[in-house]
Amino acid sequence: MATFLQKLGRFAFRRRHFVVLFWVALLTLAGVGAASAPAAGSSSFSIPGTEAQKAFDLLEQRFPGMSADGATGRVVFKAPAGEKMTDAGNKATVEKTVKELSDGSEVVSVSDPYRAHAVSKDGTIAYTSVKYKVSGMELKDASRDALEQAGKDARSTGLTVEIGGDALQTTPETGATEVIGIAIAAVVLVITFGSLIAAGLPLLTALIGVGIGVSTITALANALDLGSTTSTLAMMIGLAVGIDYALFIVSRYRAELAEGRAREEAAGRAAGTAGSAVVFAGLTVVIALVGLSVVDIPMLTKMGVAAAGTVAIAVLIALTMIPALLGYAGRKVKPAGQKSRLLGGGRAARKAAEGRPNMGTRWAGFVVRRPVAVLLLGVLGLGTAAVPAASLELGLGDDGSQPTSTTQRRAYDLLSEGFGPGFNGPLMVVVDAQDSDSPKAAVARVTDGIKGLKDVATVTPATYNKAGDTATITVIPDSKPSSATTEDLVHSIRGAGAGIKADTDATVLVTGSTAMNIDVSQKLNDALIPYLVLVVGLAFLLLIVVFRSILVPLKAALGFLLSVTAALGAVVAVFQWGWLSGLLGVEETGPVMSMMPIFMVGVVFGLAMDYEVFLVTRMREAYVHGERPSQAVVTGFRHGARVVTAAAVIMMAVFAGFIGSSESMIKMIGFGLAIAVFFDAFVVRMAVVPAVLALLGRRAWWLPKWLDRALPNVDVEGEGLRDQEPHTDADPDPDEDRELVGA
């Protein structure tokens with residue numbers, strides 16, 4: 001592989017006009033496709049195999065036009081002090097709002113609070129429910145705007161009016177945070193390379209790759225039902241790995257220049273060595289993202305595959321466009337150890353090499369001398385951080401987890417005040433009595449059974465379909481939707497349904513947004529172990545091929561599990577227990593978002609393997625070229641620690657930018673990913689990994705002979721390139737650079 005990639009790098013360097021034109025043309029084509037494609041809303045949402053989804057599907061058949069899984073908006077009214085919602089003026093305002101809301105093209109029904117008994121006992125709070133044809137993720141912006149405008153009009157009369165429900169569900173805006181991440185990345189790259197030109201190359205290629213990926217997703221959004229959330233994940237992951245991969249290759253190119261190679265040769269060898277690491281690092285990310293399909297949530301699968309495609313583009317751009325741009329840059333990209341004159345450079349790399357060892361070398365030397373102490377400290381530190389993960393509670397957030405500044409949260413609080421906390425999460429019980437001898441008797445038995453359960457506040461009379469063989473019953477719990485008590489009630493109703501099925505042949509299903517959230521959380525929880533086995537298992541096999549070792553991939557996988565568990569512990573401590581919640585702007589503590597563990601595993605595993613592959617392949621390269629195992633560790637850190645540190649800081653900056661979001665889910669994702677990268681890069685890869693390799697010595701690179709013969713030789717460390725080309729001065733002839741730059 002190294003030989004092929006070297007040839008590819010040299011080809012891109014020599015034919016840079018063609019390569020750059022190809023990628024610019026592809027970006028233009030994708031941009032035109034995105035601009036001409038019809039605007040796409042959010043993707044359709046379904047959770048195959050869950051009871052809540054089965055109930056929704058049944059209702060579509062038995063209650064045509066009901067739109068059981070459609071979005072719901074609740075407009076909550078509160079009378080001024082000393083007044084009641086039954087007063088003539090206030091009643092007229094509510095009736096006008098109901099009429100205004102009924103005109104929407106996607107509206108199925110709007111309830112009248114005074115006919116639906118939706119006025120609190122003390123008469124101060126009332127609400128109207130708006131039912132839509134489509135889910136909250138598919139609702140058009142015009143419908144949301146009409147809902148918000150109706151609330152604004154009612155508010156102008158002096159009433160307190162707030163709006164809740166999933167009808168206001170939108171994709172959070174992340175543009176500002178991406179800009180902050182890019183700005184910090186630029187600063188880190190300038191510090192790392194000591195050159196504005198060298199720092200600009202990874203940013204430029206990463207933005208081009210993300211542009212191609214996101215534009216392609218936008219162009220295909222309608223045809224493939226991708227939706228807006230898909231491009232958000234692709235942008236975040238694509239930007240992260242795009243900068244990383246380009247950073248690795250530019251760094252290796254500068255190191256090759258410092259060793260005295262001509263620029264074309266240096267570009268080829270950078271693509272052959274660091275490029276090989278990039279290919280395998282990219283494969284681990286692709287495996288992690290495509291592996292999300294095991295969860296069997298179509299939306300999540302599409303997001304993973306689309307993001308994986310963006311990662312593949314980032315790999316190809318790093319391997320081809322970076323060498324091409326290096327050809328254009330010429331002398332402006334300095335050898336390692338030199339800075340541009342603008343940044344106070346001028347010192348030669350050879351002088352720097354004769355002076356004090358860099359920080360990576362000094363740190364690796366310390367770890368090699370004290371491996372047991374460093375290993376114990378790292379493992380105990382991560383173990384301590386992981387302790388809160390034992391108390392992990394999973395759930396999906398509702399309006400009660402929103403900041404108090406939002407109208408959704410205020411509507412939630414008003415409903416709890418007037419009708420009880422369970423009113424924010426009603427359960428819909430569907431009774432399929434088609435096979436029952438007496439459907440009404442079966443429904444009556446279900447109703448009576450539910451009334452006898454704990455945590456039930458209200459049970460509404462059953463509503464039958466035209467055939468009279470299917471009924472819906474609305475159950476209002478005593479507790480709030482996200483509580484464990486409400487989850488227990490859902491399981492109790494389903495448990496009672498098993499006995500009713502045996503006696504009456506009637507099937508009892510529980511659905512509604514609260515039940516759907518419970519089912520999604522359970523589905524994600526059940527999929528976590530299979531997903532871990534699949535992703536870690538495939539990556540383990542891939543790393544055996546890369547490192548030609550059993551223990552190194554095993555250490556990499558165990559180190560990742562340790563870091564991701566510690567990160568989950570930190571998330572629990574902040575978002576569930578409330579530690580440092582004020583500092584991070586966490587207004588409400590509660591269950592951790594159920595998607596968080598599997599999302600962290602997928603994203604962080606890919607990034608962690610990036611650092612593992614780039615850092616350890618340098619050690620493997622030094623070992624293969626004859627260095628002692630302990631010296632190979634130091635050599636790997638001398639060349640790779642600075643780059644891995646820069647990459648990790650950039651990733652932390654990108655993810656930490658999301659902590660400032662007002663959306664609690666986005667805030668949690670940003671914090672979780674940032675702290676996970678910190679633990680994995682600076683504790684596992686920078687401390688645990690060299691300590692373990694120092695203790696193992698030559699045993700770290702052991703591989704059974706039969707397996708060594710069976711495995712393909714991918715030559716990631718570039719052994720095939722050794723002594724293949726003669727060394728020359730980095731710039732033997734000034735005319736050479738003028739020719740390269742002007743070619």
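Residues numbered from 1 in each chain as written. Predicted model: local features only at pLDDT ≥ 70, side-chain atom pairs only at ≥ 80, totals over all residues. Heavy atoms only, no water.

Tallying secondary structure elements over the protein gives 24 helices and eleven strands in all. Relative to its full complement of 743 residues, the protein shows a buried share of 55%. Per element, the accessible surface of the protein, about 30,600 Å² overall, is 60% carbon and sulfur. (Helix = DSSP H or I, 4+ residues; strand = E, 2+ residues; numbered from the N terminus. Buried < 20%, exposed > 50% of the residue type's maximum accessible area, 1.4 Å probe, protein only. Areas by Shrake-Rupley, 256 points an atom, 1.4 Å probe, with all protein chains shown as cover.)

Further remarks concern the pattern of salt bridges. A full pass over the atoms with the stated rule returns 20 salt bridges. Note that arginine 494 is salt-bridged to aspartate 519, the shortest N-O span being 2.8 Å. Of this pair, arginine 494 sits in helix H16 (residues 484-504) while aspartate 519 is found in helix H17 (residues 513-547), placing the two residues 25 residues apart along the sequence. The class for arginine 494 is buried, based on a relative accessible area of 17%. With a shortest N-O distance of 2.6 Å, arginine 685 and glutamate 612 are connected by a salt bridge. Separated by 73 residues along the polypeptide, arginine 685 in helix H22 (residues 664-696) and glutamate 612 in helix H20 (residues 596-624) bring together distant segments of the chain. Here arginine 685 matches glutamate 612 in class, with each residue buried. (Salt bridge = Lys/Arg side-chain N within 4 Å of Asp/Glu carboxyl O.)

This part covers the side chain of threonine 406. Within the secondary structure, threonine 406 is located in the loop between strand S5 (394-395) and helix H14 (407-419). Exposure remark for threonine 406: the relative accessible area of 17% places this residue in the buried category. At 3.3 Å, the side chain of threonine 406 forms a polar contact with the backbone nitrogen of arginine 409. (Polar contact = N/O pair within 3.5 Å; in protein donor to acceptor, adjacent residues only side chain to side chain.)

This next bit is on the nonpolar core. It is characteristic of soluble globular proteins that their nonpolar side chains tend to be buried jointly. Core analysis: the biggest nonpolar cluster contains 165 residues, and Tyr245, Phe560 and Phe655 have the highest contact counts within it. The biggest single contributor to this core is H20, with 19 residues. If near-sequence neighbours (up to four positions away) are discounted, phenylalanine 560 is found in contact with Leu532, Val536, Val601, Val604, Phe605, Ala608, Met609, Asp680 and Arg685. Listed in part, the 23 residues of the second largest apolar core include Ala71, Ala79, Val130 and Val161. (Core = buried A, V, L, I, M, F, W, Y, C linked by side-chain atoms within 4.5 Å. Contact = heavy atoms within 4.5 Å.)

Moving on to the sheet that holds strand S2 (residues 107-110). Strand order in the open sheet made by the four strands is S2-S3-S1-S4, with antiparallel pairing throughout. The two strands at the open ends of the sheet, each matched to only one other strand, are S2 and strand S4 (160-164). Taking the axes of each pair of neighbouring strands and ignoring which way they run, one obtains an average angle of 20° across the sheet. Pairing of strand S1 (residues 72-78) with strand S3 (residues 125-132) involves seven bridges; the strand directions are antiparallel. Looking across to S3, one finds that threonine 72 is bridged to lysine 131. The strands touched by helix H5 (residues 141-155) are S1, S3 and S4; relative to S4, the strand with the most contacts, the crossing angle is about 165°. Strands S1, S3 and S4 of the sheet are contacted by H14, whose axis makes an angle of about 105° with S4. (Pairing = 2+ DSSP bridges. Axes fitted to C-alpha atoms, helices over the stretch in contact; angles between N-to-C directions.)

When the terminal C-alpha atoms of helix H3 (residues 51-62) are compared, their 16 Å separation across twelve residues agrees well with the 16 Å that a helix rising 1.5 Å per residue should span. Here H3 has its buried residues at Ala52, Gln53, Ala55, Phe56, Leu58, Leu59 and Arg62. Elements in contact with the buried residues of H3: strand S6 (427-432), strand S9 (470-477), H16, strand S10 (507-511) and H17. (Expected span 1.5 Å × (residues − 1).)

How two aromatic rings sit relative to each other is given by the distance of their centres and the angle of their planes. A full pass over the atoms with the stated rule returns eleven aromatic pairs. Across the ring face of tyrosine 328, the terminal group of arginine 16 is positioned such that the distance to the ring centre comes to 5.7 Å. Over the ring of tyrosine 127 we find arginine 74, and its NZ or CZ is 5.8 Å from the ring centre. (Phe/Tyr/Trp six-rings, centres within 6.5 Å; stacked < 30°, edge-to-face > 60°. Lys NZ or Arg CZ within 6 Å of the ring centre and 35° of its normal.)

For the pair H17 and H20, the least separation of the axes is 11 Å and the interaxial angle reads 15°. The angle between H17 and H20 places the two elements in the roughly parallel class. Read as a crossing pair, H17 and H20 show a hand that is right-handed. From H17, Leu524, Ala527, Leu528, Tyr531, Leu532, Val535, Val536, Ala539, Leu543, Val546 and Phe547 reach across to H20, where they touch Pro597, Ile598, Val601, Gly602, Phe605, Met609, Glu612, Val613, Val616, Thr617 and Arg620. (Parallel < 35°, antiparallel > 145°, perpendicular 65-115°, else oblique. Left-handed = near helix turned anticlockwise from the far one by under 90°.)

Turning our eyes to something else, we now look at the pairing of S10. Among the five residues of S10, four are classified as buried, and the element is accordingly described as predominantly covered. Pairing analysis gives five bridges linking S6 to S10, with the strands arranged antiparallel. Residue pairing for S10: valine 431 is matched across the bridge by valine 508.

Predicted confidence across the protein gives a mean pLDDT of 81, with 88% of residues reaching 70 or more. Confidence, read as mean pLDDT per element, is least for helix H24 (residues 734-742) in the protein (38) and greatest for helix H13 (residues 371-386) (93). The low-confidence segment residues 726-743 (pLDDT under 50) makes 35 contacts with residues lying over four places distant or belonging to another chain. (pLDDT = per-residue confidence, 0-100.)

Phi at aspartate 505 is positive, roughly 65°, even though this residue is not glycine. With respect to the helices and strands, the residue aspartate 505 is situated in the loop between H16 and S10. Unlike most non-glycine residues, arginine 548 shows phi in positive territory, near 50°. Locating arginine 548 in the fold gives a position in the loop between H17 and helix H18 (551-576).

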